[in-house]
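Summary of structural features
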Amino acid sequence: MTSRIQSATPGEHQGEQATGQAPYPTDAGSVSGRQNGRDAKNRASLDELHETARRIAANVERVLVGKPDVIRIALVTLLAEGHLLVEDVPGVGKTSLAKALARSIDCTVSRIQFTPDLLPSDVTGVSIYNRQSGEFEFRPGPVFANIVVGDEINRASPKTQSALLECMEEHQVTVDTSTYHLEEPFMVIATQNPIEMEGTYALPEAQRDRFTARVSIGYPDQQAELAMVDEHAGHNPLADLEPVSDRESVQRLIETVRSVHMSPEIRRYAVDLVSATRQVPEIRLGASPRATLQLVRAARAQAALSGREFVVPDDLHTVAVPVLAHRMVLTTEAHAARRSATDVVRAILHRVPVPQGSNHR
């Protein structure tokens, strides 16, 4: 994939935004507490969001056949201003998903092939001495792009993996005491093979916690695999993929997602779900407060993709497993009992009481 590196400028990261449509109900009957002065023209309508998301999903599905749920989680992560970790065995389309999503948006894109000899400076960039000027000049690395595709991230050493920590969390890179801001939107789509395979390093907990969601593509069913053989055997569908949206449009969609309302009851429910992961005996390390923020953002994106201006419990249920499961560390006893983090999250969803009442606006 060709990289188009542009100069990075600081991006604003605001809180909840006011909607340009009629205010939806709140406990106080007003949305003034959520307004922050941003002009409503910087946000898209829900209809525009739905149509743009549909085009992107259809574009990606030309490459990744028969996996609509995986594509939807990828879109949720994009609109939630997060990062996506795609984990599965080789050959099921992990890199194809990442490339297809990146090519569907007309923005700067770069790809990093992680290998054991990759250095942190190969990711972030390096300062080079200019003999003519007598000064050091910063040469930006591939991380300076709107969408960064990290292929087989767990084949690099933990030292190189840690080069992504600052940029994923703070959208900036610090090299030789100088800080460089990354252009927004900024998203890392990383693929990794199961850690049981040769030549892999397990991602540290701090690294996994920075990924908003993790998805596993899995093998296609026979019908989808037959369709893939018929359509993809003769040519590479990625070669014909054209952008169906651009950076400015995606940023407007993100502003719309920020404005999706979450009632106090739903917020408390999200906190209760994450808190429950820290109290289960089968879990040695539960989800962090960062996970709570990511769960709330993902639920807002899920609600917006469903055409709603407010979050309901079903939105949290839909994104809970992709957002929470990869962050938790199970006990030895849970592994011996063949319990997975996904099983534990689903059990928590059944155990934690759902807020009563149908009106969560």
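Description of the structure in this document.

Cut-offs and rules
Residues numbered from 1 in each chain as written. Predicted model: local features only at pLDDT ≥ 70, side-chain atom pairs only at ≥ 80, totals over all residues. Heavy atoms only, no water. Pairing = 2+ DSSP bridges. Helix = DSSP H or I, 4+ residues; strand = E, 2+ residues; numbered from the N terminus. Axes fitted to C-alpha atoms, helices over the stretch in contact; angles between N-to-C directions. Contact = heavy atoms within 4.5 Å. Parallel < 35°, antiparallel > 145°, perpendicular 65-115°, else oblique. Left-handed = near helix turned anticlockwise from the far one by under 90°. Nonpolar A, V, L, I, M, F, W, Y, C, P; charged D, E, K, R; others polar.

Some thoughts on the sheet that holds strand β10 (residues 213-215)
Read across the sheet, five strands follow the order β3-β6-β9-β1-β10 without closing on themselves; strand pairing throughout is parallel. The open sheet has two edge strands with one neighbour each: β3 (109-113) and β10. Each neighbouring strand pair of the sheet contributes to a mean axis angle of 15°, computed without reference to strand direction. Pairing geometry for strand β1 (residues 84-87) and strand β9 (residues 187-192), over four bridges, is parallel. Residue pairing in the sheet places leucine 84 in a bridge with isoleucine 189 of β9. Along the sheet, helix α2 (residues 68-79) makes contact with β1, β9 and β10, crossing β10 at roughly 165°.

Topic: the packing of helix α10 (residues 264-276) against helix α11 (residues 289-305)
Their axes nearest at 10 Å, the elements α10 and α11 cross at an angle of 130°. Classified by the angle between their axes, α10 and α11 sit oblique to one another. For the pair α10 and α11, the crossing hand works out as right-handed. For the pair α10 and α11, contact is made by Arg267, Ala270, Val271 and Val274 and by Thr292, Leu295, Val296 and Arg300, respectively. Split by residue class, the contact of α10 with α11 holds five nonpolar, one polar and two charged.

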